[in-house]
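A look at the structure
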Amino acid sequence: MSWSSPGGPGHTRGDGTVTAHAPAKVNVSLAVGPLRPDGFHGLQTVYLAVSLLDTVTVRRGEGLSVTVTGEGAGGPDPVPTDRRNLVWQAAELLAEQAGVAAEAAIAVDKAIPAAAGLAGGSADAAAALVALDALWGTRATRGDLTALAARLGSDVPFGLAGGVALGSGRGEQLTPVLARRQWHWVLGVAEGGLSTPAVYAELDRLRAAGRAPEGEGTPSPEPVLAALRSGPPRALAAALGNDLQAAAVSLRPALRRALRAATDAGALASLVSGSGPTVAALAQDEDAAVRLAAVLAGEGVFRTVRVVHGPVPGARLVG
Ligand code: C5P
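Each value, and the rule that gives it
Residues numbered from 1 in each chain as written. Predicted model: local features only at pLDDT ≥ 70, side-chain atom pairs only at ≥ 80, totals over all residues. Heavy atoms only, no water. Buried < 20%, exposed > 50% of the residue type's maximum accessible area, 1.4 Å probe, protein only. Helix = DSSP H or I, 4+ residues; strand = E, 2+ residues; numbered from the N terminus. Pairing = 2+ DSSP bridges. Axes fitted to C-alpha atoms, helices over the stretch in contact; angles between N-to-C directions. Near = heavy atom within 4 Å. Polar contact = N/O pair within 3.5 Å; in protein donor to acceptor, adjacent residues only side chain to side chain. Areas by Shrake-Rupley, 256 points an atom, 1.4 Å probe, with all protein chains shown as cover. Nonpolar A, V, L, I, M, F, W, Y, C, P; charged D, E, K, R; others polar. Domains from an automatic or database assignment. Contact = heavy atoms within 4.5 Å. Buried area = accessible area lost by both parts, 1.4 Å probe. Salt bridge = Lys/Arg side-chain N within 4 Å of Asp/Glu carboxyl O. UniProt positions renumbered as here; feature names shortened; annotations may be inferred. Expected span 1.5 Å × (residues − 1).

Take the pairing of strand S9 (residues 269–272) next. Neither face of S9 is open: one carries Ala-269 and Leu-271, the other Ser-270 and Val-272, and all of them are buried. Relative to strand S10 (residues 279–283), S9 runs antiparallel, the two sharing four bridges. Directly across from Leu-271, in S10, lies its bridge partner Ala-280. Between S9 and the antiparallel strand that follows it, S10, lie six residues; Gly-274 among them carries a positive phi value of about 55 degrees.

Attention now moves to the sheet that holds strand S11 (residues 304–310). Reading across the sheet, the four strands line up as S9-S10-S7-S11 and stay open at both edges, with antiparallel pairing between neighbours. What marks the edges here is a single partner per strand, and that holds for S9 and S11. Ignoring strand direction, the axes of neighbouring strands in this sheet form an average angle of 25 degrees. Both strand S7 (residues 183–189) and S10 contribute to a ladder of five bridges, which runs antiparallel.

Moving on, we come to unusual backbone geometry. For the peptide bond that leads from Gly-276 to Pro-277, omega is 5 degrees, which places it in the cis range. On the secondary structure map, Pro-277 appears in the loop between S9 and S10. Residue Pro-311 is bonded to the preceding Gly-310 through a cis peptide linkage, with omega at 10 degrees. Non-glycine residue Ala-115 carries a positive phi angle of around 50 degrees. Phi at Ala-119 is positive, roughly 60 degrees, even though this residue is not glycine. When you line up the elements, Ala-119 lands in the loop between strand S4 (104–110) and helix H2 (120–136).

The next subject is the site of the ligand. Close to the ligand lie Gly-39, Phe-40, His-41, Leu-43, Gly-153, Ser-154, Arg-170, Thr-196, Pro-197 and Tyr-200, which account for all nearby residues. Contact distances for the ligand include 2.5 Å between an oxygen atom and a side-chain N or O atom of Ser-154. The backbone of Arg-170 places a nitrogen or oxygen atom 2.9 Å from a nitrogen atom of the ligand. For the ligand, the protein covers 74% of the area, taking 450 Å² as the surface of the free molecule. Where the shell around the ligand is concerned, the elements lending two or more residues are strand S2 (41–59) and helix H5 (196–208). If one sorts the elements of the shell around the ligand by residue count, H5 sits on top with three residues. Looking at side-chain class alone, the shell around the ligand contains four nonpolar, five polar and one charged residues.

The domain architecture assigned to the chain consists of domain 1 (17–177) and domain 2 (183–310). Each of domain 1 and domain 2 was reduced to a C-alpha centroid, and the two centroids are 22 Å apart. At the interface, 29 residues of domain 1 touch 35 residues of domain 2. Interface of domain 1 and domain 2: buried area, both sides summed, is about 2500 Å²; carbon and sulfur atoms make up 62% of it. Sorting the residues of domain 1 by area buried against domain 2 places Val-28, Leu-30 and Val-32 first, and these three jointly supply 21% of that buried surface. Where domain 1 packs against domain 2, one counts one salt bridge. The salt bridge involving Arg-303 is made with Glu-71; its shortest N-O contact spans 2.9 Å. Mapped by element, the contributors of at least two residues to the side of domain 1 that touches domain 2 are strand S1 (17–35), S2 and strand S5 (164–168). With eleven residues, S1 is the largest single contributor of residues to the side of domain 1 that touches domain 2. Its residues assigned to classes, the side of domain 1 that touches domain 2 shows 20 nonpolar, seven polar and two charged.

Our focus in this paragraph is the UniProt feature "domain: GHMP kinase C-terminal" (unreviewed entry) in the chain. The feature "domain: GHMP kinase C-terminal" (unreviewed entry), as annotated in UniProt, sits at residues 225–296 in this numbering. Secondary structure across residues 225–296 comprises 60% helix and 15% strand; the distance between its end C-alpha atoms is 28 Å.

A word on H2. With 17 residues, H2 extends 24 Å from end C-alpha to end C-alpha; this agrees with the ideal 24 Å at 1.5 Å per step. Counted residue by residue, H2 has 16 buried out of 17 residues, so it is predominantly covered. Downstream of H2 by one or two residues, Gly-137 has phi in the positive range, about 65 degrees.

Set out below in structure tokens:
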């Protein structure tokens, strides 16, 4: 399949670049079903896009190149800058579908920590789709981009959509949810990441050993959706839940202390974000979030802490 009328001049700035932002996510509710034959787990989740944004800037180039700066650049286990990077795969997929040459220099500036359970790689892929669509003038509809996003990864469609959404399937099937207010959080970022497949595999292992509930005991999205619609922060705090938390804690026992440190420091509730190891701590309001972050930063439980709010929009052009 390719689009019928691709091409045409793209939309670039005077310096020939196009820039897009995309947000991190927290799963405020994540119920994981059994392993499917395709290697994924069916799930029901409520995604919230939060104000920690990666920036992807693209310009025309010869062939494809990816550079990474910020979080996850350098160090012992750097974010890859080759085909293993979802941004690279996004560029190849969009070019193939649109019938254009996959030629661009892609610069990813990361504020979202890598392998942290915040869907940073998915955000980068979503931002790259939006930026390259503009650079190449491929004129993809939002629906076209969402279909490509789902092929790239379970969380990439939400990186495009942003806001609040109910996710089903393997996370890629989205229903938008109306949220009437902003929610304030502190993200506690750990030293070192966790591998998403490893965390899912650990959940399967714990369940097979009868050490983690399956089905019953798993969080239901309904109370979270009700709280997001009309509740006070305490109602949302009471409804938060993540089936992957037990597996993340099993692989990274220090997380137990980190979760407790957040509530001891005044968070209304804390949970592991996605497959972790980031801890998402819910605060009463923005002032409380700033105070909570200061206490947690002082305790040194986390590598770094970030005050964020959400919902925020999904991937979009800037400048
Ligand atoms: O879709 P994505 O590439 O982010 O998934 C990475 C890995 O996480 C999958 O290969 C799978 O091991 C695990 N996963 C899963 N069930 C999901 C989403 C991801 O088992 N719904």
